[in-house]
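Fold and geometry: a report
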Amino acid sequence: MRGLLLFLIAGMSLASFFLAANCGDDTDDPAGVNGDDDNDDDTNTDGDYYSEECNIDYGADMGCDQSEPACQHARLINIDRYNHPEESDCAPALDWGTQLAAVALAHSKDMCDRHFFDHINPDNEDPFDRMEEAGIDFVAAGENIFMACGYTMDQVVDLAEESFMNEPECEYNHRSNILARDFKNVGVGIHSCAKDGCIYLTQDYASYEFSDLRDDTHEYCPNFD
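We now turn to the structure provided with this report.

Rules used throughout
- Residues numbered from 1 in each chain as written.
- Predicted model: local features only at pLDDT ≥ 70, side-chain atom pairs only at ≥ 80, totals over all residues.
- Heavy atoms only, no water.
- Helix = DSSP H or I, 4+ residues; strand = E, 2+ residues; numbered from the N terminus.
- Areas by Shrake-Rupley, 256 points an atom, 1.4 Å probe, with all protein chains shown as cover.
- Buried < 20%, exposed > 50% of the residue type's maximum accessible area, 1.4 Å probe, protein only.
- Lys, Arg positive; Asp, Glu negative; His and termini not counted.
- Salt bridge = Lys/Arg side-chain N within 4 Å of Asp/Glu carboxyl O.
- Polar contact = N/O pair within 3.5 Å; in protein donor to acceptor, adjacent residues only side chain to side chain.
- Contact = heavy atoms within 4.5 Å.
- Disulfide = S-S within 2.5 Å.

Notes on the overall build of the protein
- A count of helical and extended segments in the protein gives six helices and eight strands.
- In sequence order, the protein lays out its α and β elements as β-β-β-β-α-α-β-α-α-β-α-α-β-β.
- For the protein, the exposed surface amounts to about 10500 Å²; the carbon and sulfur share of it is 47%.

Structure below.
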């Protein structure tokens with residue numbers, strides 16, 4: 001299945017792309033983040049995000065340099081999976097994909113250099129073409145892209161994720177890519193474009209094994225089955 005969704009909002013742009021191969025409480029103060037939520041379901045005293053409901057540590061080391069904006073943004077993705085266990089259906093914590101990050105960064109730079117904003121580049125290559133060219137053998141993959149002008153890098157790290165998540169639940173969009181239970185790996189590429197003064201951000205997702213794909217019913221979002 002291939003699908004393209006394009007959303008435009010004032011001051012920024014964002015879009016999501018998804019492909020899958022099938023084999024047969026208060027979000028401003030999520031549980032345990034400040035240690036005083038009455039629905040505390042984690043052991044978050046050291047800054048991790050451990051969900052007892054899912055038995056998953058969403059704050060574990062992802063395998064990237066947390067001083068880098070791309071890694072900081074990827075951590076926000078795992079925190080959103082932690083914050084929405086029902087909607088994500090206890091999706092696994094995402095690991096950093098070095099190859100995915102390279103593909104994502106190359107696309108962010110390409111959108112700057114060739115002045116376009118789309119999943120399909122001027123060579124008519126989609127995200128899956130770019131992953132395959134990089135030697136990534138995936139069974140499920142997806143991409144979210146974001147562009148903002150007039151913001152700092154630190155602002156974009158947060159703003160992109162907030163914009164993606166500020167979308168309807170249980171619909172195929174940026175939010176569903178972020179919370180998708182079939183994805184196990186993520187790479188983020190962020191590029192500050194000197195040509196237009198904008199910052200381009202790409203999230204690329206993938207899983208590499210058919211055993212990673214779920215075939216049980218998604219109780220919270222049954223239309224995803």
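Thoughts on the side chain of Arg81
- Among the structural elements, Arg81 can be located in helix H1 (residues 69–83).
- Despite its burial, Arg81 pairs with no opposite charge, the nearest such side chain being Asp182 at 8.5 Å.
- Within polar-contact distance, the side chain of Arg81 engages the backbone oxygen of Ile178 at 2.7 Å.
- In this structure, Arg81 is in contact with Tyr58, Ser88, Ala91, Pro92, Leu94, Asn177, Ile178, Leu179, Ala180 and Phe183, ignoring residues within four places of it in sequence.

A look at the state of the cysteines
- Per the counting criterion, the structure on display carries five disulfides.
- Two residues, Cys112 and Cys193, share a disulfide whose sulfurs are 2.1 Å apart. What sets the handedness of the Cys112 and Cys193 disulfide is the S-S torsion sign, and at about 70° it is right-handed. You can see Cys112 sitting in helix H3 (residues 98–113) and its partner Cys193 sitting in the loop between strand E7 (185–192) and strand E8 (198–207), a full 81 residues away along the chain.
- Residue Cys112 is classed as buried on the basis of its relative accessible area, which comes to 4%.

Topic: the environment of Leu94
- Tracing the sequence through the fold places Leu94 in the loop between helix H2 (85–88) and strand E5 (95–96).
- Leu94 has contacts with Met62, Ile77, Asn78, Arg81, Phe183, Lys184, Asn185, Val186 and Tyr205, leaving out every residue within four places of it along the chain.

A closer look at the pattern of salt bridges
- Within this structure, the stated rule accounts for ten salt bridges.
- Between Asp89 and Arg181 there is a salt bridge whose closest N-O contact spans 2.5 Å. Within this pair, whereas Asp89 is found in the loop between H2 and E5, its partner Arg181 is found in the loop between helix H6 (174–179) and E7, the two being separated by 92 residues in sequence. You'll find Asp89 and Arg181 in the same group, each marked buried.

Overview of the side chain of Glu125
- The topology assignment puts Glu125 in the loop between H3 and helix H4 (127–133).
- It is Arg114 that comes nearest to the buried, bridge-free Glu125 among opposite-charge side chains, at 5.6 Å.
- Among the polar contacts made by the side chain of Glu125, one reaches the side chain of Asn121 at a distance of 2.9 Å.
- Setting aside chain neighbours within four positions, we find Glu125 in contact with His119, Ile120, Arg130 and Glu133.

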